[in-house]
Amino acid sequence: MNKNMKALREKAMKLPLTPGIYIMKNKGHEIIYIGKAKKLKNRVSQYFGSQSNHPPKVIKMIENVDDFDYILCDSEFEALVLEASLIKQNQPKYNILLKDDKGYSYIRVSNDEYPTISAVLQKKDDGAEYIGPYTSFYTIRQSVDEANKIFRLPQCGKSFPADFGKGRPCLNYHIDRCMGVCSGRISKERYLDAFNDALSFLNGDSNKVIKSLTEKMNKASDNMQFEIAASYRDKIKAINNMQAKQKVISKDNLSKDVFAFASIDNDICAAVLRFDKGRLTDSEHFFFDGEIDEQMRRDFLLQYYSLRNSVPDKLILDGKCDDMDLVSQYLSDMRKKKTEIVIPQRGEGLKLVNMCLENAFEKIGQKKGRLGHQARALDDLKELLGLENPPRYIESYDISHTAGADNVAGMIVFKDGKAYKKGYRTFIIKSFTGQDDYGSMREVLTRRFNEYKSGSKDESFGRLPDLILLDGGIGQVNAVKEVLKALDIDVPLFGMVKDSKHKTRAISSDGGEIAINSNRAVFSLVSSIQDEVHRFSIGFHHKKHTSRGLSSSLQQIEGIGPKKAKILFNQFRTIKAIKEASVDELENINGISKADAQNIYSFYRGENS
């Protein structure tokens, strides 16, 4: 707890109810957080009041605040612009600070008589021109390679004209990927013409380049320069072929960035997909800590575009963003043209958001050692059931019997979206005989959580799950809810409902049924859990039922009671194995006498068997 809290609150209560920014500082007078407020007094005083509603990151920041400063602004928009600028300058510890996991890259244009184009990761003070920065080195390298191939520019590292005639042209010349400048037969004018076309191509002016090449091709053809015309024709064809390979995902020609956020254990992955003229041109992802909410989205967007030299026509978000109109105005001012921010509910926009969200979960799943679709399913299940956090540890229960006989239950565990077989447990119903599924489920959950209350060291019983799923509907849920209440166990409890074809249909609670078939990730996870708990409990029931049948058969033998029958079954597992055993093999079993062995052998293999 911050010892200075009372003094900080008193200072905050004296602030005016006007727009501005506030600057939190620690004991070393370092800026640790910068924020914007529509009404400074209301916003800043919230930090130094009750801590119960603050997320962990904010609580930690408040503990380190020794003092704060503020700057009044004429409008909320002016405050937002100033906030973004100061965050960029000061890089405060508790603001979202993005670091591109791929670094930046540039297109290097050498300052030579015969200039060359290359993709590099760093700018150097070497007199060359650097175009960028770009966020994807892979994309830039691929584009530069394509430009050099299409326009047949040299990539050998030779310097011209100094290296004219020094050696034979390399393989690239012979496979028509280089015009063979090293031969000395290519004029400087022709080289620079191809070089400038390559630069235009890299700047995204493909249509302009094709138009220019077409004009040059027609002119060369008219002048009977058919070889030169053919080279222009080949370049046009290469550009068209390359564009055909690029997958068109969006139907419009707008530039747009799509944002989606995934979270596991208070770590966030922000995924960004960038589109230009309907084609996906780049993808990025960033990791930082915190909670996914409207303010986080706003802070991320401001940080993201402070690192970029371009803003698209449209931003597509996976959820609401604080100050959406102000952020749109801010980005529009940067771009000097309108930028729209949308949260799609249907159609192509929603498909793009879902694709981006899949990428976010895949990346954070990899970081956390999980699969992306499993992380996505747990997050969706959290939202669907209204849980505080994704249920990483789920227990599921099912009852199995044959008309009330051999009444058993199975308990399975799914950990991080996958079956965790070390956590599986079985129960033999003891409190009654006959068929009573509700009573059986009450007994099983009572025994399980009594183990927990007693401080069990068992790996499964010694902890609480994040979620309990029962194989059954509202009746099963209500039967168990009273058990949890009596034992003071606070764990979310739901049932899994099947349709007439025994396929998972919905999740049941005391408030009714929750449909899950519209969410593929949740449906797949819950179906897997229900199928697995049913398989496990049925398997245990069959094993017990078979054991009881074998035991009943063995007890027909003179001198063999339930105890010796169990010993024999545990040793041989099947009646066939017992039938085929010799007297010596039977006699060597601890608990089976020589007389017993002879009786067993005679029963199954004697004259009267």
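For the structure, check the block above.
Everything in this summary refers to the structure shown in the same document. What you are looking at is a predicted structure, and each value in this text was computed from that prediction instead of being measured. (Residues numbered from 1 in each chain as written. Predicted model: local features only at pLDDT ≥ 70, side-chain atom pairs only at ≥ 80, totals over all residues. Heavy atoms only, no water.)

### Things to note about the pattern of salt bridges
The condition that has to hold: Each reported salt bridge corresponds to a side-chain nitrogen of Lys or Arg within 4 Å of a carboxyl oxygen of Asp or Glu. Only DSSP runs of H or I reaching four residues or more are called helices, and only runs of E reaching two or more are called strands; each is numbered from the N terminus. Here the term buried applies to any residue with accessible area under 20% of the maximum for its type, exposed to any over 50%, and partly exposed to those in between, with areas from a 1.4 Å probe on protein chains only.
Per the stated rule, a full pass over the model turns up 25 salt bridges. With its nearest N and O atoms 2.0 Å apart, the salt bridge here joins Asp 313 to Arg 335. On the criterion of sequence distance, the pair formed by Asp 313 in the loop between α10 (294–306) and β10 (314–317) and Arg 335 in helix α11 (residues 324–335) is long-range, its members being 22 residues apart. No difference in accessibility class separates Asp 313 from Arg 335, as the two residues are buried. Notably, a salt bridge pairs Arg 447 with Glu 443, separated by 2.8 Å at the nearest N-O pair. Linking Arg 447 with Glu 443, this pair stays in helix α14 (residues 437–453), spanning 4 residues, or about one helical turn. On the accessibility criterion, Arg 447 (27% relative accessible area) is partly exposed. What emerges from the salt-bridge pattern is a single network uniting Lys 36, Glu 76, Glu 83, Arg 298, Asp 299 and Asp 323.

### Considerations on the sheet that holds strand β9 (residues 279–289)
Neighbouring strands of a sheet are bound in pairs by backbone hydrogen bonds; such pairs are parallel or else antiparallel. Defined as follows: Note on pairing: DSSP must find at least two bridges between two strands before they are called paired. For helices, the fitted line uses only the C-alpha atoms of the stretch in contact; every axis is such a line through C-alpha atoms, and the angle between N-to-C directions lies from 0 to 180 degrees.
Read from one edge to the other, the open sheet built from 5 strands follows the order β9-β8-β7-β10-β11, with strand pairing classed as mixed. The sheet is open, and its two borders are formed by β9 and β11 (340–342), each paired with just one other strand. Pairs of neighbouring strands in the sheet enclose a mean axial angle of 20°, with direction left out of account. Alignment of β10 against β11, held across 3 bridges, turns out to be parallel. Bridge pairing in β11 links Ile 316 to Val 342.

### Re the pairing of β9
The sheet contact formed by strand β8 (residues 267–276) and β9 spans 10 bridges and is antiparallel. Paired with Ile 268 across the strands is Phe 288, a residue of β9. From the end of β8 to the start of β9, which pair antiparallel, there are 2 residues, and Lys 277 there has a positive phi angle of about 55°.

### Looking at empty space enclosed by the protein
A water-sized probe rolled over the atoms picks out the places where empty space is left. We count it as follows: In the cavity and pocket records, a cavity denotes points on a 1 Å grid over the protein atoms alone where a 1.4 Å probe fits but cannot get out, a pocket denotes an open set with protein on both sides within 12 Å along at least 5 of 7 lines, and lining residues are residues with an atom within 4 Å of a point. Grid points are joined across faces, edges and corners, and a volume is the space filled by probe spheres set on the points. Ten residues, namely Ala, Val, Leu, Ile, Met, Phe, Trp, Tyr, Cys and Pro, are considered nonpolar, four, namely Asp, Glu, Lys and Arg, are considered charged, and the remaining ones, Gly among them, are considered polar.
Applying the stated criterion across every chain yields a total of 3 cavities of 30 Å³ or more. In this model, the largest cavity occupies a volume close to 80 Å³. Lining the largest cavity we find Arg 152, Met 179, Arg 190, Asp 193, Ala 194, Ile 228, Ser 231, Tyr 232 and Lys 235. No other element matches the 4 residues that helix α9 (residues 226–245) contributes to the lining of the largest cavity. Residue classes in the lining of the largest cavity are distributed as 4 nonpolar, 1 polar and 4 charged. Size it by volume and the second largest cavity reaches roughly 70 Å³. Residue lining of the second largest cavity: Glu 83, Ala 84, Ile 87, Asn 95, Ile 96, Arg 298, Asp 299, Leu 302 and Gln 303, and that is the complete set. Those elements giving two or more residues to the lining of the second largest cavity turn out to be α4 (76–90) and α10. A per-element tally of the lining of the second largest cavity places α10 first, with 4 residues. Of the residues belonging to the lining of the second largest cavity, the class tally is 4 nonpolar, 2 polar and 3 charged.

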